[in-house]
Amino acid sequence: MLTRAELESARFGLNVARASVDEIDPGALARQLIEDRVDIAILRIPAGPAPGIVSLQALGFSPIHADTLVTYSCDLARHAPRALFNPSLDIRPATPGDVPGITALVETVFAEYPNHYRANPLLPREDIVAGYRQWALSHIDADNRTCWVACVGDRIAGLACSAFDSRTGTCQGVLHGVSPDFARNRIYTDLIRFTQNTFRERGLSTLEISTQVGNLRVQRVWAKEGFTFESAVDTYHLNTLFGAIAASPQQFTLLAPDHGDGDAGWLCRRFLDVIAEADQPRPGKMVDCRASLLTEIESGATYRGSVGWTRPRPGLSGQHVVCVLRDVRDEPVAWASASCALDS
């Protein structure tokens, strides 16, 4: 279900994984989160009621509804783009010499842009903006991708990054931005029209573009420029931090009670005992301990546990501890977590 997101993992210094699915299998997802030691899972599912998300909450996870993404499409074979509002606007392919100007534009336009990353307290704002910068620059002189810049005099007033596939006849508007200094000049609309016309002349048939559901201004432009609504998906983040077990593992053994009392409460108590006995500095008391069973604990059975401690990072009020319990077949049967509240 999940695929490791290499760029995001490198950017944020965490093990980030992604999945776009129609339905969530909570048990299978929980096991993959544990086995792959995922720190953050980014899930996209069709917008609307989500029983899989509710089931993840029942397993002890805390999904963050990060955004709703809407997609529009334009039939380039039928829609003839209109003339530019600014016929003298210089729109051209970006070159390596444009990197400083594109960087400055992206850092201005996307500094406060409400994307799904900003909904996650573990992701530093400066790293999010750096992601947009990397994303835009990756379209310069690239295969099946392009970056156009709209220039007014010697200034880059806007940019449009797109991807395309000549074999399928499809193309995507990936990233658009216009400097606030030129926000009322209809440059954004001109970039949309230029993109439509260019791909239409190349023989491509369908142009898709997406944004957050609350970004109404660009959706109004799309509706006027021949786009129709296609779909909506909800984005959820799961901050599981199971990567801590890989970074600083500690092993222990638990013997389940003989009389069927091996529930989540029993696991929380044993987990806190392990933390108390660990040779780890704790600047405060452990709080928000939670545990979840993926299967029933067998009375009198022996289980092997692994505990990991997170490193300090933005978004965590204190040290975070995670635990995974496995049976004799090395299958995960439960997990637990707790946070260290800093002493005031």
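Here is what the cut-offs are and how they apply
Residues numbered from 1 in each chain as written. Predicted model: local features only at pLDDT ≥ 70, side-chain atom pairs only at ≥ 80, totals over all residues. Heavy atoms only, no water. Salt bridge = Lys/Arg side-chain N within 4 Å of Asp/Glu carboxyl O. Buried < 20%, exposed > 50% of the residue type's maximum accessible area, 1.4 Å probe, protein only. Helix = DSSP H or I, 4+ residues; strand = E, 2+ residues; numbered from the N terminus. Contact = heavy atoms within 4.5 Å. Disulfide = S-S within 2.5 Å. Axes fitted to C-alpha atoms, helices over the stretch in contact; angles between N-to-C directions. Parallel < 35°, antiparallel > 145°, perpendicular 65-115°, else oblique. Left-handed = near helix turned anticlockwise from the far one by under 90°. Nonpolar A, V, L, I, M, F, W, Y, C, P; charged D, E, K, R; others polar. Expected span 1.5 Å × (residues − 1). Polar contact = N/O pair within 3.5 Å; in protein donor to acceptor, adjacent residues only side chain to side chain. Pairing = 2+ DSSP bridges. Phe/Tyr/Trp six-rings, centres within 6.5 Å; stacked < 30°, edge-to-face > 60°. Right-handed = clockwise from strand over helix to strand, strands pointing away.

**Considering the pattern of salt bridges**
- Tallied over the full model, the rule gives 16 salt bridges.
- A salt bridge links Glu112 to Arg118; the nearest nitrogen and oxygen atoms lie 3.1 Å apart.
- You can call Glu112 exposed: its relative accessible area is 59%.
- In this structure, Asp181 and Arg155 form a salt bridge, with 2.8 Å as the shortest nitrogen-oxygen distance. Taken together, the residues Asp181 in the loop between strand E8 (170–178) and helix H6 (187–201) and Arg155 in strand E7 (residues 155–165) connect sequence positions 26 residues apart.

**Overview of the environment of Ile128**
- Looking at the element boundaries, Ile128 is found in helix H5 (residues 125–137).
- For Ile128, a relative accessible area of 4% gives the class buried.
- C-alpha of Ile128 to C-alpha of Arg11: the two residues are 117 residues apart in sequence and 8.4 Å apart in space.
- In contact with Ile128, not counting residues within four places along its chain, are Phe12, Asn115, Tyr117, Arg118 and Leu123.

**Let's talk about the state of the cysteines**
- Applying the stated criterion across every chain yields a total of 0 disulfides.
- Of all cysteine sulfurs, the one in Cys171 lies closest to Cys74, which takes part in no disulfide; the gap is 8.7 Å.
- Classification of Cys74 by relative accessible area gives buried; the value is 1%.
- Among the cysteines around Cys151, which has no disulfide bond, Cys147 carries the closest sulfur, lying 10 Å off.

**What about the packing of helix H4 (residues 99–109) against H5?**
- Here H4 crosses H5 at 140°, and the two axes come no closer than 9 Å. Taken together, the axes of H4 and H5 lie oblique to each other. As for how H4 packs across H5, the hand of that crossing is right-handed. Residues Val99, Ile102, Thr103, Val106 and Glu107 of H4 pack against Val129, Tyr132, Arg133, Ala136 and Leu137 of H5.
- Considering only residue class, the contact of H4 with H5 consists of 7 nonpolar, 1 polar and 2 charged.

**Examining helix H9 (residues 264–277)**
- Taking 1.5 Å of rise per residue, the 14 residues of H9 would be expected to cover 20 Å, and the 20 Å separating its terminal C-alpha atoms lies within 8% of that figure.
- Every buried residue belonging to H9 is among Trp266, Leu267, Cys268, Phe271, Val274 and Ile275, and all of these are buried.
- With a side-chain oxygen lying 3.2 Å from the backbone nitrogen of Gly265, the N-terminal cap of H9 falls on Asp263.

**What to know about unusual backbone geometry**
- One non-glycine residue, Asn144, lies in the positive phi region at around 60°.
- Residue class for Asn144 comes out partly exposed when judged on its relative accessible area of 47%.
- Notably, Arg186 is not glycine yet its phi reads approximately 60°, a positive angle.
- Here Arg186 shows up in the loop between E8 and H6.
- Judged by its relative accessible area of 47%, Arg186 falls in the partly exposed class.

**Observations regarding the sheet that holds strand E1 (residues 3–4)**
- With respect to topology, 10 strands assemble into an open sheet ordered E1-E2-E3-E10-E4-E9-E8-E7-E6-E5, the strand pairing being mixed. Each having just a single partner strand, E1 and strand E5 (90–93) make up the two edges of the open sheet.
- As paired strands, strand E4 (residues 64–75) and strand E10 (residues 227–239) are joined by 10 bridges and run antiparallel to one another. Note that in E10 the partner of Cys74 across the bridge is Phe227.

**A look at the packing of aromatic side chains**
- Within the structure shown, the criterion is met by 13 aromatic pairs.
- Consider the rings of Phe110 and Tyr113, whose centres lie 5.7 Å apart with planes at 80°: the pair is edge-to-face. Of the two residues, Phe110 and Tyr113, both sit in the buried class.
- Here the aromatic rings of Phe242 and Trp335 are separated by 5.8 Å at their centres, their planes lie at 85°, and the arrangement is edge-to-face.

**Overview of the pairing of strand E9 (residues 206–212)**
- As paired elements, E4 and E9 share 7 bridges and run antiparallel to each other. The partner of Leu69 across the bridge, within E9, is Gln212.
- Examined bridge by bridge, E8 and E9 share 4 bridges and lie parallel to one another. Its bridge partner lying in E9, Cys171 is registered against Leu207.
- With H6 bridging E8 and its parallel neighbour E9, the resulting β-α-β unit is right-handed.

**Regarding the side chain of Ser292**
- Position of Ser292 relative to the elements: it lies in strand E12 (residues 284–293).
- With a relative accessible area of 5%, Ser292 lands in the buried category.
- Here the side chain of Ser292 touches Leu59 through a polar contact of 2.5 Å, landing on its backbone oxygen.
- With residues up to four places along the chain from it excluded, the contact list for Ser292 reads Ala58, Leu59, Gly60, Val333, Ala334 and Trp335.

**Describing the packing of H6 against helix H7 (residues 216–224)**
- Between H6 and H7, the shortest axis-to-axis distance is 11 Å and the interhelical angle comes to 45°. The angle between H6 and H7 places the two elements in the oblique class. The way H6 lies across H7 gives a crossing that is right-handed. Facing Tyr188, Thr189 and Ile192 of H6, the residues of H7 in contact are Val218, Val221 and Trp222.
- Per-class residue counts for the contact of H6 with H7 are 5 nonpolar, 1 polar and no charged.

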